[in-house]
Each structure stands twice: as C-alpha cells, then as structure tokens.
Amino acid sequence: MLYQLFELNHAALSPWRAAAKWGAAALGHESHPLYGTELGRTLAASCEFFETSTRRYGKPEFGLSETKIGGVTVPVCEEVVHETPFCRLLHFKREESLVPEDAKSRLMIVAPLSGHYATLLRGTVEALLPSHDIYITDWADARMVPLSEGGFDLDDYIDHVRGFCAFLGEGTHLLAVCQPSVPVLAATALMNEDREAHAPRSITLMGGPIDTRVNPTEVNNFATAQGYDWFASNVIMSVPWPHPGHGREVYPGFLQLSGFMAMNINRHVTAHWDYFNHLVEGDGSSATKHRDFYDEYLAVMDLPAEYYLQTIRRVFVEHHLPRGLFAYRGRKVDLTKITRTGLMTVEGEKDDISGVGQTLAAQVLCKNIPDDMRAHHEQEGVGHYGVFNGTRWEEEIEPLVSAFIKRQDARA
C-alpha cells in the first residue's frame, strides 16, 4: 500500500512541478518585470527548489566519451557486450590504436546492487580508464523487469559474476565496491575450486561487508537488532501497475533513499539550504555542483526482494561467510580453495557503512593465497564514498590498485 501511495503522491504533484518549472523559467527571463530583483531571484529559487525536490530522478548517464593516456586524448565508446534480464555488462571501449600494451589489462567492476545505479561509480571508472580495459555490471531496476523473467537471488548474483567472467575469458581482474564483495569472493572461491580457466586473475574488494561482526557500524547494528523477520514484514512491497515489473516483490528504492538520508539528515538539510541560497545569490557554480551530486544521489532503483532478504540474513544477521556457512545452491563455499587469484582489500578510515576491519577479514579467511598475491590498504581521512570516488581515490588509492593489478599480470 505504501508503494501505491508513493506513486499517487508523485502523480498528484506533477502539475505543481510543471508549474514550478515554468515559473522558474519565466522569472529567469530578462523580459519579466521581476527579473534581476531580490524578490524575483527568491521566487525563482523557490520554484526551482520545489521542482528538484519533488521530481523522480531517472537513471543517469556515464557520459564518459574520452580519457587521457600519457597525455594523449583517447576516444571512449560505451557499448553493451552481454545482457540478461537483470543486468547489462557495459564496456568502455577505447580507441585501440591509441592504447599502449601496458594499459590493456581487462578489469570488470562489479557495481553494488544496493539502491543506486552503477553510474554512482562514474568516478571509479574514469580514474581507471587510462590504465585498464574497463567493463562494469549495470544492474537493472527490478520494477522494470517483468515477472515472467523469474526471480533473482544471491545465487543468481553469483551466477552473473561467474557468467561474465566466462564471457570475458582468462586473465580478467575483478573490482567489487561494497556489497558485491561477498558474492564476488564466493564466486571466486567456486571458480578456483572448479579449476576454471576464467577464474579472475585478481580481485580487489573495496569497503565490503565480509565480516560485519568486526567494528560494527550503525547500519550493521540496525540489521542485527531488527532481525530478518522485521525486514521481511516491513520493507518488502509489490511493484504497482503500470510499471513493467508490476506484481514483483521488491525492496523499493525510495525506502533505501530514505534510510540513506536519515543517516546524515543534518548534512542534507544544510546542503539544500545552501543550495537555495546559492540560487538566490546567483552562484551558478555552487548550485551546479549541488545539482550534479543530487541528480546521482537521488536516482534510486528497486531491488528484488529475494536477493535483498537473503543478503540481510546471510551477510548482516547470520554472518555466513566468516562463519564458514555460506552456500551456493546447496554447495558449501570454501574460501581456502582460492589459490590462483590475487586479493587486494581497501578500507576507509572513516567508513560508517563498512567499518574498518570488515573488508580486511577476507585476508584472514582466504588462508591459501600466497603472500606475494596479497595487498591491503587503509586510506586515512575518507568515509565510505571516498574509498572509490573523489580526490583521495584518484590520487592515492587508484594508483595502488592499478599497481597491484599489474603485479598480478606480471606473475601470470
């Protein structure tokens, strides 16, 4: 019922949004009698603020059309190379003739399926493009997947990782940001145990919940305190008509966004108040930066209910992976079987989503990886987002990740 009310409210506000958008445009035109006045700027800012605060944000674009390699501008073309009903594998194809041999290592970024689109990792992709041949998992919004396509759970997620590795072939490296660290580690163990030639050459886990018993955050404590049954009863809803996935059980994106916002509500209120003042003052640069961030942050997607609930139970409540209980389609996942894949773990000192030590736990669990195939880095001064985006990522973390990948290529 809540999902239906959300849709009804959004529809009811549509004419008001249209009026506000028209009002902002009219007040910003030099022919309007209030143009340039303090009253006119305040009214225009109010209209724009209302429109941007109540709209539904669609899926953003990556918009990466070029990169620079050794000072040379190299064109980049985004293409879909493999697709399932629940995920597209995107390739950022560079102009081959301009790419040196030492920048051709194949790297698949496994994006989180946790509420935001893969474009949240635009900065991650952009920083890695000069050094690697980049692919990324572009997960589908569950409300857009018809029921006829079947369900999607944690085992299906692992199937996708294994299937994409098989598609890309031998020598592929994986980089998992946050949530996918668990299924990527499980898939890697299975591929190593089965001696599959396309098992990844290395995996880099960044800010991932491998063992949330270590240094638990507010998010971890909430999941443990509420328990699986609470989530199953309170946050799972049915997609309403006329969305293509109507009838599918999901964890709605708007609920996930509400949780994100509530964690740092004071910061978001201050940011929006500053945004309003920037609009009134005519500070276009600051207002644009705000819009760019929130256009991405407020664009959310629904998650398949079975996948979400299994993740809550097996990762955050019952801690299956670190306890040796994690299973894939009834088969035990044994992390000690990982012997041919390099492992790098990256954490942020101020991460309030995956606490320090939670990702490092993978190094302890994967006992049989040789020492020269391991690396760990804790980045001081960054939170969860700063592990994979921003200046510290670009200048300090990414060079370490790329160097690790090159070392694993050199060993092969």
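1. Here we look at the pattern of salt bridges
Thought 1: Overall, the coordinates contain 17 salt bridges when judged by the stated rule.
Thought 2: Taking the shortest distance from any N to any O, the salt bridge between R88 and D138 comes out at 2.7 Å. Remark: D138 occurs in strand β5 (residues 132-139) and R88 occurs in strand β3 (residues 87-94); sequence separation between them is 50 residues.
Thought 3: With a relative accessible area of 27%, R88 lands in the partly exposed category.
Thought 4: Accessibility expressed as a relative area gives 2% for D138, which makes it buried.
Thought 5: Put simply, E193 and R331 hold a salt bridge, and the shortest N to O gap is 3.4 Å. Here R331 lies in strand β12 (residues 331-332) and E193 lies in helix α6 (residues 181-193), a separation of 138 residues in the sequence.
Thought 6: Classification of E193 as partly exposed rests on a relative accessible area of 33%.
Thought 7: The exposure class of R331 is partly exposed, given its relative accessible area of 27%.
Thought 8: Counted as one network, the salt bridges with shared partners bring together R162, E193, D194, E196 and R331.

Conventions used here
Residues numbered from 1 in each chain as written. Predicted model: local features only at pLDDT ≥ 70, side-chain atom pairs only at ≥ 80, totals over all residues. Heavy atoms only, no water. Salt bridge = Lys/Arg side-chain N within 4 Å of Asp/Glu carboxyl O. Helix = DSSP H or I, 4+ residues; strand = E, 2+ residues; numbered from the N terminus. Buried < 20%, exposed > 50% of the residue type's maximum accessible area, 1.4 Å probe, protein only.

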